[in-house]
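Structural characterization, general
Listed here are the chains, written in short residue letters.
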Amino acid sequence: MRRVVVGATGTPGSLAALHRAAAEARVRDAELWVVLAWQSPGGELGSRNGLGATALAECRAAAVERLREVLDTAFGVLKPGVALSGFAVRGTPGAALVGTARDPDDLLVVGTGPRGPLRRLVRPSVARYCLAHAACPVLAVPPSPLQSDLEAVHRRNTWRIPLDLRELTPEQ
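**Here's the deal with the packing of helix α4 (residues 93–100) against helix α6 (residues 126–133)**
Where α4 contacts α6, the two axes come as close as 9 Å, and the packing angle between them is 35°. As for the relative orientation of α4 and α6, their crossing is right-handed in sense. Where α4 abuts α6, its residues P93, G94, A95, L97 and V98 lie against V126, Y129, C130 and H133. Here the contact of α4 with α6 is built from residues that sort into seven nonpolar, two polar and no charged.

**Re the side chain of D106**
Its location among the elements puts D106 in the loop between α4 and β4 (107–111). Among the residues examined, D106 registers a relative accessible area of 2% and is labelled buried. Engagement of the side chain of D106 in a polar contact is seen with the side chain of R3, the distance being 2.4 Å. Setting aside its immediate chain neighbours within four residues, D106 contacts R3, T100, A101, C136 and P137.

**Thoughts on the packing of helix α1 (residues 12–28) against helix α3 (residues 53–75)**
Packing of α1 against α3 brings their axes to within 10 Å, and their N-to-C directions diverge by 70°. Accordingly, the angle class assigned to the pair α1 and α3 is roughly perpendicular. As for how α1 packs across α3, the hand of that crossing is right-handed. Every residue of α3 that contacts α1 at L15, L18, H19 and A22 is listed here: V70, L71, T73, A74 and F75. Taken together, the residues of the contact of α1 with α3 break down into seven nonpolar, two polar and no charged.

**Some words on the state of the cysteines**
Inspection of the entire model under this criterion finds zero disulfides. Here C130 stays free of any disulfide, with the sulfur of C136 as its closest cysteine sulfur at 8.7 Å.

Definitions and limits used
Residues numbered from 1 in each chain as written. Predicted model: local features only at pLDDT ≥ 70, side-chain atom pairs only at ≥ 80, totals over all residues. Heavy atoms only, no water. Axes fitted to C-alpha atoms, helices over the stretch in contact; angles between N-to-C directions. Helix = DSSP H or I, 4+ residues; strand = E, 2+ residues; numbered from the N terminus. Left-handed = near helix turned anticlockwise from the far one by under 90°. Contact = heavy atoms within 4.5 Å. Nonpolar A, V, L, I, M, F, W, Y, C, P; charged D, E, K, R; others polar. Buried < 20%, exposed > 50% of the residue type's maximum accessible area, 1.4 Å probe, protein only. Polar contact = N/O pair within 3.5 Å; in protein donor to acceptor, adjacent residues only side chain to side chain. Parallel < 35°, antiparallel > 145°, perpendicular 65-115°, else oblique. Disulfide = S-S within 2.5 Å.

Without other data, these values stay purely geometric and don't point to any function.
Okay, here's the thing in structure tokens:
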């Protein structure tokens, strides 16, 4: 059976990728596998420093609950129209996605959020990792144009910049 694998975090970019992956799964008559990557507190170093099995089980349970919330947010009562499986995979997001989409017949769908220079330094791009390491085709879904508008409003509110009403009317 062919699969469409997509990562989910609950961000607007990942929700756009999730909806695109569902559409691709319907077109390809494939299963939709939704992956939420999780790591123990402190990363792998934290798990080597005596983090017990109980704490790891709690982390995994929290990841499973988060995955349920993301799927509920994305689809609500409407189902995606294809067979859906959710996986909480321990590891970094890129490695978890590439490890899940290991068959050449799979399709890996990733979101590409806006990436400023500071964000690139702090967190590596999951989409770039997947494009470089995946054994299957990768579909990179750009962010919605509305997302950049929303981020601009958040920045405006953070810096308390007043709204110019001329920005709301289209130029002719």
